[in-house]
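# Descriptive analysis of the structure
Each chain is listed here by its residues.
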Amino acid sequence: MTRMTTTTVAAIAAAASLSAAALPANAGDTIPQDQSVKNVVLVHGAFADGSGWKGVYDILTKRGYRVSIVQNPLTSLEDDVAATKRVLERQDGPVILVGHSWGGTVITEAGIDAKVAGLVYVSALSPDAGETTAQQYQGFAPASEFVIETTKDGFGYVSPQKFKAGFAHDVSDADVAFMRDAQVPINMSAFGTKLEHAAWHTKPSWAVIATEDKAFDQAMLIHMAERIKAKITKVSASHALFMTQPTVVADTIAQAATAVSAKR
């Protein structure tokens, strides 16, 4: 593939400047001592690293959750799943596993881990076993404002000219510039790798959908969330919703933790 309108762009460290203002009034509320699920693992998407989760991290840790963030190498699906499993192994109890965009593919494969109690998809992909990530786009309108430029060795970057419009139109120009220039490229062959497992078949799922997401057709996001029978929350935001809407994302994660704890 030389150019395609596809997956994510997880935000970069620019999230730190937004997180303090985003904290909700009840961010200091602590979770009940008898709640069984207190661990959260966050998985970023393509073209970025895990620091974009800073706002979500701040909210959840203030509530008493133990939050860990995966740093995906973005070199292959296998490598990203291995990185996620490495973090899961370090958890001391059941986990809510969360993925943004490409991170949704990663948690779908890695989420079969016995420690994973629930899955949260944040404008994220959710292929089935035997499917590729690229297949999820078939039959849906192309995301014309989200353009990938591919290097000679097969790694993809979001087009600098399309970055703000395609990924983060609700982020300040200064923060978008940093995100654009700090991109971590993804090996485009990862989108053609078939999954061996789909954890959403056996793990309860939640989905947060950004209604102004330009990286995916809205019909595609809704189709994927409905197929996995996720409990859906919609929020007015760009594809960078985990950065610009950390309260909504954190609240959904907390709802998932509470719900699965009640059934354990």
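This text gives an overview of the structure that appears in the document. (Residues numbered from 1 in each chain as written. Predicted model: local features only at pLDDT ≥ 70, side-chain atom pairs only at ≥ 80, totals over all residues. Heavy atoms only, no water.)

Turning our eyes to something else, we now look at the packing of aromatic side chains. One pass over the full model with this rule turns up five aromatic pairs. Summarising the aromatic geometry, the rings of phenylalanine 163 and phenylalanine 167 are spaced 5.5 Å apart at their centres and angled 70 degrees between planes, so their arrangement reads as edge-to-face. Of the two residues, phenylalanine 163 and phenylalanine 167 are both situated in helix α5 (residues 163-167); the distance of four residues between them amounts to about one turn of the helix. For phenylalanine 167, a relative accessible area of 0% puts it in the buried group. A cation over an aromatic ring shows up here: lysine 231 above the ring of tryptophan 206, its NZ or CZ 4.6 Å from the ring centre. (Phe/Tyr/Trp six-rings, centres within 6.5 Å; stacked < 30°, edge-to-face > 60°. Helix = DSSP H or I, 4+ residues; strand = E, 2+ residues; numbered from the N terminus. Buried < 20%, exposed > 50% of the residue type's maximum accessible area, 1.4 Å probe, protein only. Lys NZ or Arg CZ within 6 Å of the ring centre and 35° of its normal.)

This part covers the sheet that holds strand β4 (residues 116-122). Across the sheet, six strands lie side by side as β2-β1-β3-β4-β8-β9; this open sheet has parallel pairing. Single-partner strands in this sheet number two, and they are β2 (66-70) and β9 (231-235). Each neighbouring strand pair of the sheet contributes to a mean axis angle of 20 degrees, computed without reference to strand direction. Strand direction decides the pairing type here: strand β3 (residues 95-100) and β4, joined by six bridges, are parallel. Bridge pairing in β4 links histidine 100 to valine 122. Helix α2 (residues 54-62) rests against β1 (39-43) and β2 of the sheet, and its axis sits at about 160 degrees to β2. Sheet strands in contact with helix α9 (residues 246-262) are β1, β3, β4, β8 (205-210) and β9, and its direction is about 170 degrees off that of β8. (Pairing = 2+ DSSP bridges. Axes fitted to C-alpha atoms, helices over the stretch in contact; angles between N-to-C directions. Contact = heavy atoms within 4.5 Å.)

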